[in-house]
Amino acid sequence: MANVDPIRRAEIGREKRARTRAQLVAAARSLFGKRPVESVTVDDVVEEAGVAKGTFYVHFEDLNALTAAVADELVRTFDELLQPQRLSMPDPLMRIAFACNAFIEKAMNDPSWAAVVARMAWSYPTVGRVARSRLREDLKLVLKGMPQQETSLELSLEVALGIMLQVLVAISQGRLSGRDQKAAIGSILRAIGVASRQVKSTLAHLPQIELAAR
């Protein structure tokens, strides 16, 4: 009997689990693109993915956990498209405004995307953790440059995210439109303590969104 390298066996096992998890996420993402999230069941997901129902629970506690994984992937993949243009901007305040503008624009063009992202980000702090980290670093620089910093970094982060998520929810429900876009960004900037004159200047110089090719 041939000897089996236990390290390689463990690697194969991890690779297989990762592929199966990715199948489930892709299946859920496909279903969410066709119908309301609330109508999708575990049975629907495993049928779409072509795996046994028991396999689902090896990877996810429940459907909400899978939906959170889908939401995190949606945020991560979109955020990655923004990075080349975002990193070309030396001003951290402009980077924040640009990212807010891009996410709102994406929500306007794809309300179902906004619905999944906003719903799960409220309940799962892991959703959008990379984008959240980038926002935190930019906020840190912006607050450092303020003559009088009245709020903490963490409070500013939560305020900015809270407004953004509420805006995404409203867009997904058809309660906000394109005419509210710049006003929403301005509300976020003012909420973190940016002076009205600076907000106005930043909004006036927002660059066009140019997504990187994948």
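Check the entry above for the structure.
A brief look at the structure comes next.

About the cut-offs
- Within each chain, residue numbers correspond to sequence positions counted from 1 in written order.
- Selection of residues for local features in this predicted model requires a pLDDT of at least 70, selection of side-chain atom pairs for listing and counting requires 80 or more, and totals for whole chains, interfaces and linings are taken over all residues.
- The side-chain numbers reported here are obtained from all heavy atoms of the structure, hydrogens and water having been left aside.
- Ring geometry is summarised as follows: Phe, Tyr and Trp rings, the Trp one being its six-membered ring, pair when their centres sit within 6.5 Å, and such pairs are stacked at plane angles under 30 degrees, edge-to-face over 60 and tilted between the two.
- Residue exposure (1.4 Å probe, protein chains only): buried if accessible area is under 20% of the type maximum, exposed if over 50%, otherwise partly exposed.
- Secondary structure elements follow DSSP: runs of H or I no shorter than four residues count as helices, runs of E no shorter than two count as strands, and numbering proceeds from the N terminus.
- Only the contacting stretch of a helix is used when fitting its axis, a line to C-alpha atoms as for every element, and angles between N-to-C directions run 0 to 180 degrees.
- Here is the rule for angles: anything less than 35 degrees is roughly parallel, anything more than 145 is roughly antiparallel, 65 through 115 is roughly perpendicular, and the remaining ranges are oblique.
- Two helices cross in a left-handed way if the nearer one is turned anticlockwise from the farther one by less than a right angle. They cross in a right-handed way if the turn is clockwise.
- The contact criterion used throughout is that any non-hydrogen atoms of two residues lie within 4.5 Å.
- Side-chain classes follow a simple rule in which Ala, Val, Leu, Ile, Met, Phe, Trp, Tyr, Cys and Pro form the nonpolar group, Asp, Glu, Lys and Arg form the charged group, and the remainder, Gly included, forms the polar group.

### Some remarks on the packing of aromatic side chains
Point 1. Counting across every chain of the model gives 5 aromatic pairs.
Point 2. Ring geometry for Phe 56 and Phe 60: centres 5.9 Å apart, planes at 45°, overall tilted.
Point 3. The exposure class assigned to Phe 60 is buried, which follows from its relative accessible area of 4%.
Point 4. Centroid distance Phe 78 to Trp 113: 5.8 Å. Interplanar angle 70°. Geometry classified as edge-to-face. One end of the pair, Phe 78, is in helix H4 (residues 63–87); the other, Trp 113, is in helix H6 (residues 111–123), with 35 residues separating them in the sequence. Taken as a pair, Phe 78 and Trp 113 share a single burial class, namely buried.
Point 5. Joined through ring pairs, the aromatic side chains of Phe 56, Tyr 57 and Phe 60 make up one cluster.

### Examining the packing of H4 against helix H5 (residues 92–109)
Point 1. Following both chains from N to C, one finds H4 and H5 inclined at 135°, their axes separated by 11 Å at the closest point. The pairing of H4 with H5 is recorded here as oblique in orientation. Crossing of H4 over H5 shows right-handed handedness. Of H5, the residues touching H4 (which contributes Val 75, Phe 78, Asp 79, Leu 82, Gln 85 and Arg 86) are Arg 95, Phe 98, Ala 102, Phe 103 and Lys 106.
Point 2. Across the contact of H4 with H5, the residue classes tally to 6 nonpolar, 1 polar and 4 charged.

Any link to function would need more than the numbers given here.
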